[in-house]
Amino acid sequence: MTKMVPPKVSIIIPHLNQLAALERCLASLRAQTYPADQIEIIIADNGSVADFRELLQTHPDLRLVCEHSPGPGPARNAGVAAATADILAFIDADCRAHPGWVSAAVGALEHPSSTGVVGGDVQIDLADHTCMTGLEAYESVFAYRQRLYIEKLGFSGTGNLAMRRAIFQKIGPFAGIGVAEDRDWGRRAARQGIVTRYIPQMIVYHPARTDMADMVAKWRRQTAHDLADHRAAGRSTLVWLARAAALVASTPIHGLKIIGSPRLPNWPARLRGLSTLAQIRTLRAREMLVQCAQPTHQGARHWNRSM
């Protein structure tokens, strides 16, 4: 009896000056339960100053492509152009994949009910489960809420996404750095009747941000995307200002989520999470006011290009 050969998968990793993190990501991909000879790994570099010679010597089967248009979206597009498989999987360079990540993605895409696009769970990769930092506690509850993004908002974060090549060709490429490319791509897919499915067994681990400066950069970028959407929809400045005020006012309500979250192991973690929540809600509201008052503010015009 002829043994069925599992489908080939092209894994695309956008990268910019994160070689140490990339090595960790690659180690997780080497540990997949899926047959290694059916996995193609493509590094889509976005203008790094890093020297790749040692990495390519250690991993001679890697494919490296370069895309100089700034942003992870264009980098992913370059990776897709170089890919040879029918199944495309996306993960970020600073993430690591659960050993069953590829198998879960392929199983979902091969299922008769598949829509051709799947996204999975993103969990915080904790340095020490017994002593969480405030940012780890906060992000364990509020960051990367993939089930919400996929089932309620219609898109998957591109750090844990897989699809058929035919779907990508139908919807078109990811947008550039000035757009939240995962949200934009998912919305375009939804408008064409393609529903992204959430696969909880498809797990990726993302490190928590290590300091508040990283969080400021994230929300500066996200606020710029949201403000652009707000203005494009013709909504008023007053509505935007009301949203900023509501962010601060909602802090106690969202604090209840931290208190009751099963992802936080003890009260010290919950208290650190509550403090961080208050800081982040305040900085988000302040950023909304700053960007609203400065129409030319370029909050989204960077990735990690200062590294």
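As the structure is a computational prediction, the values presented were derived from the model and not from experiment. (Residues numbered from 1 in each chain as written. Predicted model: local features only at pLDDT ≥ 70, side-chain atom pairs only at ≥ 80, totals over all residues. Heavy atoms only, no water.)

### Description of the overall build of the chain
For the chain, the count of helices and strands is 12 helices and 8 strands. Counting only C-alpha atoms, the chain reaches 65 × 45 × 45 Å along its principal axes. A burial count over the chain gives 52% of its 307 residues as buried. Sequence separation of at least 24 residues holds for 77% of the intrachain contacts in the chain that already meet a minimum separation of 6. In the chain, the 35 positive side-chain charges and the 26 negative ones have mean positions that sit 8 Å from each other. (Helix = DSSP H or I, 4+ residues; strand = E, 2+ residues; numbered from the N terminus. Buried < 20%, exposed > 50% of the residue type's maximum accessible area, 1.4 Å probe, protein only. Contact = heavy atoms within 4.5 Å. Lys, Arg positive; Asp, Glu negative; His and termini not counted. Charge placed at Lys NZ, Arg CZ, Asp CG, Glu CD.)

### Digging into the packing of aromatic side chains
Here the distance between the centres and the angle between the planes together describe a pair of aromatic rings. Per the stated rule, a full pass over the model turns up 5 aromatic pairs. With centroids separated by 5.4 Å and ring planes inclined at 90 degrees, the aromatic side chains of Phe 90 and Phe 174 adopt a geometry described as edge-to-face. Residue Phe 90 is found in strand β4 (residues 87–91), and its partner Phe 174 is found in the loop between α7 (165–171) and α8 (181–191); the two are separated by 84 residues along the sequence. By relative accessible area, Phe 174 is classed as buried at 4%. Ring centres 5.2 Å apart and planes at 35 degrees place the aromatic pair Tyr 138 and Phe 142 in the tilted group. Residue Tyr 138 and its partner Phe 142 are both found in helix α5 (residues 134–142); the two are separated by 4 residues, about one turn of the helix. Comparing Tyr 138 with Phe 142 shows no difference in burial state: the two are buried. (Phe/Tyr/Trp six-rings, centres within 6.5 Å; stacked < 30°, edge-to-face > 60°.)

### Here's the deal with α5
Judged by how many residues are buried, α5 sits mostly within the fold: 9 of 9 residues are covered. Taken together, the buried positions of α5 are occupied by Gly 134, Leu 135, Glu 136, Ala 137, Tyr 138, Glu 139, Ser 140, Val 141 and Phe 142. Structurally, α5 contributes buried residues whose contacts are with β6 (117–125), β8 (197–207), α9 (212–232), α11 (251–260) and α12 (267–293). Where α5 terminates, the next one or two residues include Tyr 144, which has phi positive at roughly 55 degrees.

### What to know about the pairing of β4
Across the 5 residues that make up β4, a large majority, 5, are buried. Pairing of strand β1 (residues 9–15) with β4, which is carried by 4 bridges, proceeds in the parallel orientation. Along β4, the bridge assignment pairs Ile 12 with Phe 90. By the bridge criterion, 5 bridges tie β4 to strand β7 (residues 160–164) in an arrangement that is antiparallel. Each residue of the ladder has a partner; that of Ile 87, found in β7, is Arg 164. (Pairing = 2+ DSSP bridges.)

### What about the sheet that holds strand β3 (residues 63–66)?
Strands sit in the order β3-β2-β1-β4-β7-β6-β8-β5 across an open sheet of 8 strands; the sheet is mixed. Single-partner strands in this sheet number two, and they are β3 and β5 (96–97). Taken together, the 8 bridges between β6 and β8 define a ladder with parallel strand orientation. By the bridge assignment, Gly 119 is partnered in β8 with Tyr 198. Helix α1 (residues 19–30) contacts β1, β2 (39–45), β4, β5 and β6 of the sheet and is inclined by roughly 165 degrees relative to β1. Lying over the sheet, helix α4 (residues 101–110) contacts β1, β2, β4, β5, β6, β7 and β8, oriented at roughly 155 degrees with respect to β8. (Axes fitted to C-alpha atoms, helices over the stretch in contact; angles between N-to-C directions.)

### Observations concerning empty space enclosed by the protein
Considering all chains together, one arrives at 1 cavity of 30 Å³ or more under this definition. Taken as a whole, the largest cavity encloses approximately 30 Å³ of empty space. Counting residues per element, the lining of the largest cavity draws most heavily on α8, at 3 residues. (1 Å grid on protein atoms, 1.4 Å probe; cavity = no way out; pocket = protein on both sides within 12 Å on 5 of 7 lines; lining within 4 Å. Points joined across faces, edges and corners; volume = space filled by probe spheres on them.)

### Concerning the pairing of β1
Successive residues of a regular strand alternate their side chains across the two faces of the sheet. Of all 7 residues in β1, 7 are buried, a share of seventy percent or more. Burial along β1 is two-sided: Val 9, Ile 11, Ile 13 and His 15 and Ser 10, Ile 12 and Pro 14, pointing in opposite directions, are all buried. Crossover handedness for the path β1 to α1 to β2: right-handed. (Right-handed = clockwise from strand over helix to strand, strands pointing away.)

### What about the pattern of salt bridges?
Overall, the coordinates contain 16 salt bridges when judged by the stated rule. A salt bridge links Arg 63 to Glu 40, with the nearest nitrogen and oxygen atoms 3.0 Å apart. Placement of Arg 63 in strand β3 and of Glu 40 in strand β2 is noted, with a sequence separation of 23 residues between them. (Salt bridge = Lys/Arg side-chain N within 4 Å of Asp/Glu carboxyl O.)

### So, the state of the cysteines
Applying the stated rule across the entire model yields 0 disulfides. Cysteine Cys 25 is unpaired, with the sulfur of Cys 95 as its nearest cysteine sulfur at 7.0 Å. (Disulfide = S-S within 2.5 Å.)

### Points about the nonpolar core
By size, the foremost hydrophobic cluster in this structure holds 32 residues, and its most contacted members are Ile 11, Ile 13, Leu 26, Leu 29, Ile 91 and Trp 101. The set of elements that each furnish at least two residues to this core consists of β1, α1, β2, β4, α4 and β8. Considering each element in turn, this core owes the most residues, 7 residues, to α4. Each residue touching Ile 11, except ones within four places of it in the same chain, is listed here: Leu 29, Ile 39, Glu 40, Ile 41, Ile 42, Ala 89, Ile 91, Trp 101 and Val 102. Judged by nonpolar contacts, the second largest core, of 21 residues, contains Ala 44, Ala 75, Val 80 and Val 117. (Core = buried A, V, L, I, M, F, W, Y, C linked by side-chain atoms within 4.5 Å.)

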